[in-house]
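Observations on the three-dimensional arrangement
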Amino acid sequence: MTRSATFFVLFASTAMSAREPAAVPQRFSASIGGFMGESYQVQLHDGLLIHTVFSRGRSSEKRSTINPTPEQWREFRQTLDSLKVWHWRSSYPTNGVMDGTQWSLDLAFKDQSIKTQGSNNYPGRDGKPNGKPELTKSFRQFLDAIKKLTGDKPFT
């Protein structure tokens, strides 16, 4: 390979990776559940994911540590981008309901971040709340992306 061809290959690969967003987030915490059933939490700590399952009433917990591959992180990020998670509102409340399912997401990459949470209310494809206790298709896909990232650990 000539010197100019080598330079071009190096330049092209550097330019492509500079445009691609970072695969591993700087911060990541997600949770879902309620007091009357199991609850789940995933937190990024020192490059590893800590997956926690809380029993009913949070009386006990079971933790496992997961080390997602770079490819799993890339797929997770691509799913978040396709779901337009970055346009979700900061809160999806349901007034007057004290129990049910609560969820939260705190996520930051170098180029995007979001802090959002909800109670018996979920974002649709357009980011608007559905105003119902039923999960939206978009939110289900988001939960599936977390499950895939954790190697199919429960998260619903």
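Values in this document were obtained by computation on a predicted structure and should not be read as measured data. (Residues numbered from 1 in each chain as written. Predicted model: local features only at pLDDT ≥ 70, side-chain atom pairs only at ≥ 80, totals over all residues. Heavy atoms only, no water.)

Below, the discussion takes up the confidence of the model for the protein. Looking at the protein as a whole, its pLDDT mean stands at 87, while 85% of the residues score no less than 70. Within the protein, helix 3 (residues 137-149) carries the highest mean pLDDT (98), whereas helix 1 (residues 3-19) carries the lowest (44). Every residue in residues 5-18 is under pLDDT 50, and counting partners more than four places away or in other chains gives two contacts. (pLDDT = per-residue confidence, 0-100. Helix = DSSP H or I, 4+ residues; strand = E, 2+ residues; numbered from the N terminus. Contact = heavy atoms within 4.5 Å.)

On to the sheet that holds strand 5 (residues 91-92), then. Hydrogen bonding along the main chain pairs the strands of a sheet, whether they run parallel or antiparallel. What the seven strands build is an open sheet, ordered 4-3-2-1-6-7-5; its pairing is mixed. Because the sheet does not close on itself, it has two edges, and the strands there are strand 4 (61-66) and strand 5. One ladder, built from two bridges, connects strand 5 with strand 7 (residues 113-119); its direction is parallel. Bridge pairing links Ser91 to Gln117 in strand 7. Seen against the sheet, helix 3 touches strand 1 (27-33), strand 2 (39-45), strand 3 (48-54), strand 4 and strand 6 (102-108) and runs at an angle of roughly 115° to strand 1. (Pairing = 2+ DSSP bridges. Axes fitted to C-alpha atoms, helices over the stretch in contact; angles between N-to-C directions.)

Let's shift gears to helix 2 (residues 70-82). Across its 13 residues, helix 2 extends 18 Å between first and last C-alpha, which sits within 8% of the 18 Å expected from 1.5 Å per residue. Of the surrounding secondary structure, the elements contacted by the buried residues of helix 2 are strand 1, strand 2, strand 3, strand 6 and helix 3. Looking one or two places after helix 2, you find Lys84, whose phi comes out positive at around 60°. (Expected span 1.5 Å × (residues − 1).)

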